[in-house]
Amino acid sequence: MTAAEGRGPVEGVDGVLTAPADPTRRQLLDLLAARGAATATMLAERLPISRQAVVKHLAVLDAAGLVSGGRVGREVRYAVTPAALDATARWMSALAADWDRRLATIKRLAEAAEREES
């Protein structure tokens, strides 16, 4: 079970929203999305930071459920796991729909009040 699978829909949102707040972590996600699975060494070759720094950033992304690492021989290959991001997008969409309903109600009430004044 990944870190994101063990949390409810709202609890997992915090990590998904904060982990990619760092530009280096966004670059790592972009690189992994473009090339598929890669090792920390492969990723460090594409960035101006050390392999150890890449590993630390990958650990944050893994804890948020955005990437997962799996052993292939002696290497650990990381890949994007979109499930946590998809769940966050669904949560945000539901939140937006709720606000749309609230705003539509306010608009209807304001228009009705305006008609009554006329």
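Procedures and definitions
Residues numbered from 1 in each chain as written. Predicted model: local features only at pLDDT ≥ 70, side-chain atom pairs only at ≥ 80, totals over all residues. Heavy atoms only, no water. Helix = DSSP H or I, 4+ residues; strand = E, 2+ residues; numbered from the N terminus. Buried < 20%, exposed > 50% of the residue type's maximum accessible area, 1.4 Å probe, protein only. Contact = heavy atoms within 4.5 Å. Areas by Shrake-Rupley, 256 points an atom, 1.4 Å probe, with all protein chains shown as cover. Axes fitted to C-alpha atoms, helices over the stretch in contact; angles between N-to-C directions. Parallel < 35°, antiparallel > 145°, perpendicular 65-115°, else oblique. Nonpolar A, V, L, I, M, F, W, Y, C, P; charged D, E, K, R; others polar. Pairing = 2+ DSSP bridges. Expected span 1.5 Å × (residues − 1). Arc of directions from axis to C-beta.

Right, let's talk about the overall build of the chain for a bit. Helix and strand counts for the chain come out as five helices and three strands. Scanning the chain from its N terminus toward the C terminus, one meets helices and strands in the order α-α-β-α-α-β-β-α. Looking at the chain as a whole, 25% of its 118 residues qualify as buried. Summarising the internal contacts of the chain: among those between residues at least 6 apart in sequence, 52% fall at separations of at least 24. Total accessible area computed for the chain in this model is approximately 7,900 Å², and 57% of it derives from carbon and sulfur atoms.

Where helix α2 (residues 23-35) meets helix α4 (residues 51-63), the axes come as close as 10 Å, and the angle between the chain directions of the two elements is 80 degrees. As judged from the angle between their axes, α2 and α4 are roughly perpendicular. Contacts from T24, R25, L28, L29 and L32 in α2 reach V54, H57, L58, V60 and L61 in α4. Each residue belonging to the contact of α2 with α4 can be placed in one class, and the counts come to seven nonpolar, two polar and one charged.

Let us now look at the pairing of strand β2 (residues 67-72). As judged from the six bridges shared by β2 and strand β3 (residues 75-80), these two strands associate in the antiparallel manner. If you follow R71 over to β3, its bridge partner there is V76. Here β2 folds back onto β3, and the loop between the two strands holds two residues, one of which, G73, carries a positive phi near 70 degrees.

Further remarks concern the sheet that holds β3. Read from one edge to the other, the open sheet built from three strands follows the order β1-β3-β2, with strand pairing classed as antiparallel. Among the strands making up the open sheet, the edge pair consists of β1 (38-39) and β2. Of the strands in this sheet, β1, β2 and β3 are in contact with α2, which crosses β3 at around 95 degrees.

This part covers α2. Between its first and last C-alpha, α2 extends 18 Å over 13 residues, near the 18 Å set by a 1.5 Å rise per residue. What α2 keeps buried is the set T24, R25, L28, L29, L31 and L32. All buried residues of α2 lie within an arc of 165 degrees about the axis, which places them on one face of the element. The outward face of α2, more than 90 degrees from its buried face, is lined by the exposed residues D30, A33 and A34.

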